[in-house]
Structures are given as C-alpha cells and as structure tokens.
Amino acid sequence: MKLKEIQYAFHQKLDAIYGEEEVDSFFYILIEAYYNVSRLQLALNLEYAVKDAGRVLEACIY
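Analysis parameters
Residues numbered from 1 in each chain as written. Predicted model: local features only at pLDDT ≥ 70, side-chain atom pairs only at ≥ 80, totals over all residues. Heavy atoms only, no water. Helix = DSSP H or I, 4+ residues; strand = E, 2+ residues; numbered from the N terminus. Rg over C-alpha atoms; globule rule 2.2 N^0.38 Å. Buried < 20%, exposed > 50% of the residue type's maximum accessible area, 1.4 Å probe, protein only. Expected span 1.5 Å × (residues − 1). Arc of directions from axis to C-beta.

J.: I tried to follow the overall build of the protein chain on my own but got confused; where do I start?
T.: The helix and strand tally for the protein chain stands at 4 helices and 0 strands. Starting at the N terminus, the α and β elements of the protein chain follow one another as α-α-α-α. What you see for the protein chain is a C-alpha radius of gyration of 11 Å, in line with the 11 Å of a compact globule of 62 residues. Here the C-alpha coordinates of the protein chain stretch approximately 30 × 20 × 20 Å along the principal axes. Residues classed as buried in the protein chain amount to 32% of the 62 residues present.

J.: What is the right way to look at helix H2 (residues 20-35) in this model?
T.: For the α-helix, the turn length of 3.6 residues means that residues three or four positions removed from each other point alike. Taking 1.5 Å of rise per residue, 16 residues should cover 22 Å, and H2 covers 22 Å from first to last C-alpha, within 8% of that figure. All buried positions along H2 are accounted for by Val23, Asp24, Phe27, Tyr28, Leu30, Ile31 and Tyr35. Looking straight down H2, one finds its buried side chains confined to an arc of 165 degrees; they lie on one side. Residues of H2 that are exposed and point more than 90 degrees away from the buried face comprise Glu21, Ile29 and Ala33. Just downstream of H2, Asn36 is the residue with a positive phi angle, here 60 degrees.

J.: Looking at this structure, I do not really get unusual backbone geometry. What am I missing?
T.: Excluding glycine, most residues fall at negative phi; most peptide bonds, likewise, are trans. Positive phi is not limited to glycine here, since Asn36 has a value of about 60 degrees. Tracing the backbone through its elements, the reader meets Asn36 in the loop between H2 and helix H3 (39-44).

Rendered as structure tokens:
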C-alpha cells in the first residue's frame, strides 16, 4: 500500500477530531518510527509503498 494512501486514510478517520496539520504531524512521526521513512523521502517519492500497512493503520484506530 502506498504511504500516500495511508495518509489519506488517516485524514478520513482523524480530521474530524484533530486539525489537518496535527494529523499530518502524527502521520509523519509514525512512518518515521515504523518504516524509517522521513517526510522528505516521502515528498521525493510519492509512490513509496510498504508491505505491512496494517501496523501504522492500527495506530490511527486507537
């Protein structure tokens, strides 16, 4: 799954609770921790995909 798709899912679930910028910050912290991908790396490669998307998606559920 592409990280941009995961980011979209974060916004779908969390924008109503938190602000858009805060959701983005949370997302970038999590992808750095789980996948060792920085915000800059994602900006340079919008097609960046991961195999185990469930790990980070679970974080936005709780």
